[in-house]
Amino acid sequence: MSQFVDEVTLWVSSGKGGDGSASFRREKFVPRGGPDGGDGGNGGSILLMGTSSKSTLLDFKHRPRVVASSGENGRGKKQHGKNGQDLILRLPLGTQIFNAETGELLADLVSEGQIYTAAQGGRGGRGNAHFATPTRQAPDFAEPGKPAQEVFLKFELKVMAKVGLLGFPNAGKSTFLGRVTRAHPRIGSYPFTTLYPHLGVVSRGQPPNNREYVIADLPGLIEGAHEGRGLGDRFLRHVERTEILLHFIDVSFEGPLDPEEAYRVIRKELELYDPALLGKPEELAATKIDAADPQRVEAFRRFCMKSGRTPFFISSQTGDGIPDLLSALDLLLEGKSLAGIVASRD
Ligand SMILES: Nc1nc2c(ncn2[C@@H]2O[C@H](COP(=O)(O)OP(=O)(O)OP(=O)(O)O)[C@@H](O)[C@H]2O)c(=O)[nH]1
Ligand SMILES: [Mg+2]
């Protein structure tokens, strides 16, 4: 994915319905033939479909307008005009469709194959063959096609993930995602390696009791993200729908000096973005324990104990602590509490 786009506007228009035809039969030995005007074809509709095979709205960034074809007009000899073609626009799961002018939420594409009709094609008009009655045998009129519908839309992608990874740049979020899923996010020893959210699928258990869920690796946050510092906080829209927030705090010698302070900075940015995010279930994990600084580890543990949380300690390099963390996430996703659960490794 070369570029991640999570917000676009787009004009869409359906096709107009074709006009019905007003025509009369002309045959050699039938001097006054009856009406034989065919119906107009229906205009094409604009359909929006959710699909897991797309992960960005990039396709629509440079496409200001999408128009479906109109229905053809009906013709004599009761010939039906051809229908216009429906256009199906495939959008990533989690795309919300708004009316860009009124701000009204029109649809939320959350499941595979879900379809929303954004603009209905105009119906074709009926030809005069339909309008003959015993008292009006030669109607010389037909129905016009119905007009097209045009609407100005805004698409907003909010990824659908169960778990969202939060933390300072370099905390080890992408490395973890690469370890527990098949995703291959870029990993770097410098901040802001991750520039847009990455999703990965975690597979748990053995068939037939297995289950899968999606984890979102988000770009790192820093203090002042709400004012645009670093990569800003606009990616936080992608945790709006996650069930669980997983905070990563680097306890290696390179990590923040005070783990509690690091956690508070992230919480503050969440609050400034949307206070509702503070109410989501969350867990804390200390990362890079293979290279741990004992003082940072101790401070992290103390903070967790003080605030009544289970401290998780992981290394995405050695795999230490990851099974415990994943088991805890399983419990949380089943709606259970972690009360009394103690991670086995430190
Ligand atoms: N020793 C050790 N290093 C780790 C571990 N996990 C990640 N790292 C290193 O930490 C650095 C940052 O890792 P990333 O996974 O890219 O960090 P990130 O949180 O995704 O960073 P941003 O994308 O910039 O927000 C890389 O050099 C990783 O190799 C770990 O468990 N142990
Ligand atoms: Mg990253």
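Only a predicted model underlies this, so the values are computations on that prediction, with no experimental measurement involved.

## A word on the site of ligand 1
And step 1. The environment of ligand 1 is formed by 25 residues, the closest being Gly 172, Ser 174, Ser 189, Thr 194 and Gly 220.
And step 2. Its residues placed into classes, the shell around ligand 1 shows seven nonpolar, 15 polar and three charged.

## Some points on the nonpolar core
And step 1. Ala 161, Leu 165, Leu 166, Ile 215, Ala 216, Ile 249 and Ala 286 are the most contacted members of the largest nonpolar core, which totals 64 residues.
And step 2. With five residues, the single largest contributor to this core is helix H2 (residues 259–273).
And step 3. Of the residues that make up this core, three or more belong to each of domain 1 (1–157) and domain 2 (163–333).
And step 4. Contact partners of Leu 166, with chain neighbours within four places excluded, come to Leu 218, Leu 221, Leu 245, Leu 246, His 247, Phe 248 and Ile 266.

## Description of the domain arrangement of the protein chain
And step 1. Domain annotation for the protein chain reports domain 1 (1–157) and domain 2 (163–333).
And step 2. When each unit is reduced to the centre of its C-alpha atoms, the spacing between domain 1 and domain 2 is 46 Å.

## Observations concerning the sheet that holds strand S1 (residues 7–13)
Sheet strands line up and pair through hydrogen bonds in the backbone, either parallel or antiparallel.
And step 1. On the basis of which strands lie adjacent, the open sheet formed by five strands has the order S3-S1-S8-S5-S6 and mixed pairing. Only two strands of the sheet have a single partner each, and these edge strands are strand S3 (65–67) and strand S6 (105–109). When the angles between neighbouring strand axes are averaged without regard to direction, this sheet yields 25°.
And step 2. The pairing of strand S5 (residues 95–99) with S6 spans four bridges and is classified as antiparallel.

Reading the values: rules and limits
Residues numbered from 1 in each chain as written. Chains lettered and ligands numbered in written order. Predicted model: local features only at pLDDT ≥ 70, side-chain atom pairs only at ≥ 80, totals over all residues. Near = placed C-beta within 6 Å. Nonpolar A, V, L, I, M, F, W, Y, C, P; charged D, E, K, R; others polar. Core = buried A, V, L, I, M, F, W, Y, C linked by C-beta atoms within 7 Å. Buried ≥ 20, exposed ≤ 12 C-beta atoms within 10 Å, placed from the backbone. Helix = DSSP H or I, 4+ residues; strand = E, 2+ residues; numbered from the N terminus. Domains from an automatic or database assignment. Contact = placed C-beta atoms within 7 Å. Pairing = 2+ DSSP bridges. Axes fitted to C-alpha atoms, helices over the stretch in contact; angles between N-to-C directions.

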